[in-house]
Structures are given as C-alpha cells and as structure tokens.
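Per-entry structural report
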Amino acid sequence: MLKRISMVSLVLAMGASSQIWAQAQVVVDSGFRPKPHGFSFENWGGKQHPQGLLTPNDAAFLFGDQACARKEGDACVPTPGAKMWIDQVNKSAEGGHCEGLAALSAAFYVKQEKVDEFGATQGFALKPDDEWLMRTISTYFATQFLEPVQSSYNATKKWPLQQIVDYLAKNLKAGQDYPTLGIYSDGGGHAITPYKIELTAPKQYRIYIYDNNYPGAERFIDVDVAKNSWVYSGAALNPKEAASAWKGSAGSMDVTLLSTRYE
C-alpha cells in the first residue's frame, strides 16, 4: 500500500531542503580580494594615461631583440613590422586595458610579479601615475594577441560551463598559477579575475570576481551548468558605459592561466 504523506510532512520536508541551500557552499576560495589585491584605479581606455602606451622596449621584452632594427643606448628602435604591431596594440587598448589589469593583479597575488618593485606592499596602493606600472599593464594586455594565449582562448571557449567552473576551481585551489576569465556579449568582451566559487544550489555556481571596471567592489557571475548559461548583472566593457546584464552560454566564456601567458 502506498504511504500517504501529509501536507505538514511535505512542507517540513521542503523546508529542510531549503535550509540545506540557505547558505551557499564554498567550492574554493583563493584568498584574493578586489581590495587589497586589485587596483584602486579603474580600467582605462581612449587617450587617458598616455604614459601607459606600449613602447618598442616593451616589444623587445616580449619578442627579444628581433623586434629592434637597432639599439641606441638602451632604447630599441623598432623594425617596421614591430612598429606596426605596437601601433595596433595601442589602438586596440583605446577600448580598455581589462586584460592587463586582470592578469597583472593575479601575477602580483601569486608573486610572479613583485608588487614591492613598484613601490607598494599591495596592488590597491599602486597609483596610475607610475609609467613603469602602466606599461607593464599594457604589456600583459598585449599577451592576448599572441600564441599560445590565442589557442587557449579558442580551446576553452568550446568547453561546457561545468568544465570551465571545474578548471577554475582546480587552479584557484592550487595557488601556484592563476586564471583570468573572459566573458563575451554582443558588444564585445571583458577580462576579469576570479577568486572564489560557491555552490548556491544544485548545479548552480556563483563566481566571485575582481572586475577592474569597479575597483574594490565585490562582484559575481551566476552560472547554471544544467542550462549551460551564465549571467553577470552589472557588466560593462569599460567604466564609462552604463552597467547592464550580460548573459551568455557555453562559447561566451574562456579561461587563461598566467603560465600560458609566460610561454
């Protein structure tokens, strides 16, 4: 005989289930936080901060002396091809330096770069009037146009969102390397730094991020792996644009490790 379940029992059972998910379960927490580990100044574009423009010496740092037609003292005089590439990167950066800010803040956190060499103990204390800092951000920004970073974008963008969440969790937990996250909408793309993942309900995750458009703020992306979809309610290409909800699915999110950039 089938056992009847009273309405009271059903309500109690549903209540118990709700209580299980009343508090999100932390999947991983790297310890990174927008403040103090992110930057205190926001992502920039246009003609702002001209001291941050990529230079021939920065190209020589990336490619070696083959980027130089000759050296004049310590200065690289670029080859025509290198000059064209530098100009293209600087033009692209007029749309924002999110990739560089996301990657360099991660590099500071895992000590691949030393923040004290820029005159501070934490990234949030750094100032945008430091030419070396701004050019370093631009150099990290430029890695997105190079191999093997391009191949990493193309490969991880094909992953289902569960695989991306798992990959983020694995690398945030390891603590030696660090991932950056790329998200895309119809209007373009944006690079951010993830630092914590919570399981908020079965197959639903919340990825906490340092969004360099909003210094010091706690932001997050909600991911539903069952539906293979995500939403970021306060996204923008740059701080000058009004924030709006970005939504996407598999194919509009990718992951890049610092170690991939260093190759």
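Within every chain, residues take consecutive numbers counted from 1 along the sequence as written. Only residues with pLDDT of at least 70 get local features here, since the model is predicted, and only at 80 or more are side-chain atom pairs given and counted; chain-wide, interface and lining totals rely on the full set of residues. Based on all heavy atoms of the structure, the side-chain values leave hydrogens and waters out of the count.

Moving on, we come to the state of the cysteines. Note on terminology: disulfide denotes any pair of cysteine sulfur atoms within 2.5 Å. Within the structure shown, the criterion is met by 1 disulfide. Each disulfide pairs two cysteine sulfurs, and for Cys68 the partner residue is Cys76, the sulfurs being separated by 2.1 Å. Handedness of the Cys68-Cys76 disulfide follows from its S-S torsion of about -120°: it is left-handed.

With that settled, the discussion passes to the environment of Ile207. Secondary structure counts use DSSP, requiring at least four H or I residues in a row for a helix and at least two E residues in a row for a strand, with both numbered from the N terminus. By the element assignment, Ile207 lies in strand β6 (residues 204-210). Exposure classes here rest on a 1.4 Å probe applied to the protein chains alone. A residue is buried below 20% of its type maximum, exposed above 50%, and partly exposed in between. Using a relative accessible area of 0% as the deciding quantity, one classes Ile207 as buried. Each C-alpha atom of the pair Ile207 and Ala169 lies 9.7 Å from the other, and the pair is 38 residues apart in sequence. Excluding residues within four positions of it along the chain, Ile207 makes contact with Val165, Leu168, Leu181, Pro194, Lys196, Ile197, Arg219, Phe220, Ile221 and Val223. The contact criterion used is simple: two residues touch if any of their non-hydrogen atoms lie within 4.5 Å.

Taking 1.5 Å per residue, 14 residues should reach 20 Å; helix α4 (residues 80-93) reaches 20 Å between its end C-alpha atoms and fits that length. Lining the buried residues of α4 we find α3 (56-63), β3 (75-78) and α6 (131-142). Multiply 1.5 Å by the residue count of a helix minus one, and that product is the helix's expected span.

On to the packing of aromatic side chains. Here a pair means two rings of Phe, Tyr or Trp (six-membered ring of Trp) with centres within 6.5 Å. Their orientation is stacked below 30 degrees between planes, edge-to-face above 60, and tilted elsewhere. Enumeration over the complete set of coordinates arrives at 16 aromatic pairs. Judged by centre distance (6.1 Å) and plane angle (35°), the rings of Phe32 and Tyr210 are tilted. Residue Phe32 is located in the loop between β1 (25-29) and α2 (34-37), and its partner Tyr210 is located in strand β6; the two are separated by 178 residues in the primary sequence. Accessibility expressed as a relative area gives 0% for Phe32, which makes it buried. Residue Tyr210 is classed as buried on the basis of its relative accessible area, which comes to 0%. By way of ring pairs, the aromatic residues Phe32, Tyr109, Tyr178, Tyr195, Tyr208, Tyr210 and Phe220 are connected into one cluster.

Quick look at the side chain of Thr79 now. Structurally, Thr79 is set in the loop between β3 and α4. Each polar contact in these results corresponds to two N or O atoms within 3.5 Å; when the atoms are within protein, one needs to be able to donate a hydrogen and the other to accept it, and residues that are neighboring in sequence are counted only if both atoms are side-chain atoms. Polar contacts involving the side chain of Thr79 include one to the main-chain amide nitrogen of Ala82, which spans 3.1 Å. The residues contacting Thr79, other than those within four sequence positions of it, are Gln66, Ala67, Cys68 and Ala69.

Residues enter a nonpolar core if they are buried and are Ala, Val, Leu, Ile, Met, Phe, Trp, Tyr or Cys, with the set joined through side-chain atoms within 4.5 Å. In this structure, Phe39 and Ile221 are the most contacted members of the largest nonpolar core, which totals 49 residues. Among all residues touching Phe39, those that are not within four sequence positions of it are Leu101, Leu104, Ser105, Phe108, Gly123, Phe124, Leu126, Leu133, Ile137, Tyr210 and Pro215. In terms of nonpolar packing, the next biggest core, distinct from the first, is built from 11 residues, Leu54, Ala82, Trp85 and Ala142 among them.

When DSSP locates at least two bridges between a pair of strands, those strands are taken to pair. Judged from the 4 bridges that link them, strand β2 (residues 68-72) and β3 form a sheet pairing that is antiparallel. Residue pairing for β3: Cys68 is matched across the bridge by Pro78. Here β2 hands over to β3 after 2 residues, with Gly73 in that stretch at a positive phi of 70°.

In this section: α6. Counted at 1.5 Å a residue, the expected span for α6 with its 12 residues is 16 Å, and the 16 Å between its end C-alpha atoms agrees. Among the 12 residues of α6, 10 are classified as buried, and the element is accordingly described as predominantly covered. Taken residue by residue, α6 has Leu133, Met134, Arg135, Thr136, Ile137, Ser138, Thr139, Tyr140, Phe141 and Ala142 as its buried positions. Check the buried side of α6 and you find it contacts α3, α4, α5 (98-109) and α9 (258-262).

Axis lines are fitted through C-alpha atoms, for helices just across the contact stretch, and the angle between N-to-C directions can take any value from 0 to 180 degrees. Their axes nearest at 7 Å, the elements α5 and α6 cross at an angle of 105°. In terms of their interaxial angle, α5 and α6 are classed as roughly perpendicular. The residues of α6 that touch α5, namely those facing Glu99, Gly100, Leu101, Ala103, Leu104, Ala107 and Phe108, are Leu133, Thr136, Ile137, Tyr140 and Phe141. Grouping the amino acids of the contact of α5 with α6 by side-chain chemistry returns 9 nonpolar, 2 polar and 1 charged. These descriptions rest on fixed angle ranges, namely under 35 degrees for roughly parallel, over 145 for roughly antiparallel, 65 to 115 for roughly perpendicular, and the rest for oblique. Only Asp, Glu, Lys and Arg are considered charged in this grouping, and only Ala, Val, Leu, Ile, Met, Phe, Trp, Tyr, Cys and Pro are considered nonpolar; every other residue, Gly among them, is considered polar.

In the segment running from Lys35 into Pro36, the intervening peptide bond is cis, with an omega of 25°. Residue position: Pro36 is located in helix α2. Put simply, Glu147 and Pro148 share a cis peptide bond, and its omega is 5°. With respect to the helices and strands, the residue Pro148 is situated in the loop between α6 and α7 (149-156). A positive phi angle, near 65°, is found at Lys111, a position not held by glycine.

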